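Listed below are the residues making up each chain.
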Amino acid sequence: MLRLIIGVAAGYVLGSKAGRARYEQISSATRALSESPVTRKLVLVGRQKLSDKLSTKPRLEPMEPLDERTTILVPQDQLRR
């Protein structure tokens with residue numbers, strides 16, 4: 001409990017020394033980073049990759065096309081080998 005109180009006190013003292021201007025600087029930099037199109041794209045790609053890894057749906061593999069416009073997809077575990 002004493003360690004927690006010392007940690008909170010040290011954080012308060014260091015934070016108050018930095019002042020409001022530093023807080024605003026950190027806040028604006030964080031906001032700019034989170035609203036960046038590049039960051040949003042990275043998050044979207046990361047979520048999609050994670051979703052693909054955790055998906056319980058079987059992956060579909062393309063088979064031979066029936067004609068120019070039609071392709072049959074079947075679960076990977078049902079492919080004939």
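Residues numbered from 1 in each chain as written. Predicted model: local features only at pLDDT ≥ 70, side-chain atom pairs only at ≥ 80, totals over all residues. Heavy atoms only, no water.

A.B. asks: What am I meant to see in the overall build of the protein here?
C.D. replies: Broken down by element type, the protein carries two helices and two strands. Residues counted as buried form 5% of the 81 residues belonging to the protein. Carbon and sulfur atoms form 60% of the exposed surface of the protein, whose accessible area is close to 8100 Å². (Helix = DSSP H or I, 4+ residues; strand = E, 2+ residues; numbered from the N terminus. Buried < 20%, exposed > 50% of the residue type's maximum accessible area, 1.4 Å probe, protein only. Areas by Shrake-Rupley, 256 points an atom, 1.4 Å probe, with all protein chains shown as cover.)

A.B. asks: Would you mind going over the confidence of the model for the protein with me for this structure?
C.D. replies: In low-pLDDT regions, the fine details of the predicted coordinates are not to be read closely. A residue-level look at the protein finds 74% of positions with pLDDT of 70 or above and a mean pLDDT of 78. Taken element by element, the predicted model of the protein shows its lowest mean pLDDT in strand β1 (residues 60–62) (64) and its highest in helix α2 (residues 37–54) (91). (pLDDT = per-residue confidence, 0-100.)

A.B. asks: Any chance you could explain a nonpolar patch on the surface here in plain terms?
C.D. replies: Together, Met-1, Leu-4, Ile-5 and Val-8 make up an exposed nonpolar region whose accessible area comes to about 470 Å². Within the secondary structure layout, Val-8 lies in helix α1 (residues 2–34). (Patch = residues over 30% accessible without salt bridge, like charges linked within 9 Å, V, L, I, M, F, W, Y side chains within 5 Å. Salt bridge = Lys/Arg side-chain N within 4 Å of Asp/Glu carboxyl O.)

A.B. asks: Before we go on, may I ask you to explain α2 in this structure?
C.D. replies: In an α-helix there are 3.6 residues to a turn, and that puts residues three or four apart on one side. For α2, with 18 residues, the first-to-last C-alpha span of 26 Å sits near the 26 Å given by 1.5 Å per residue. For α2, the tally of buried residues reaches only zero of 18 residues, placing the bulk of the element at the surface. Its side-chain oxygen 3.3 Å from the backbone nitrogen of Val-38, Ser-36 forms the N-cap of α2. (Expected span 1.5 Å × (residues − 1). Polar contact = N/O pair within 3.5 Å; in protein donor to acceptor, adjacent residues only side chain to side chain.)

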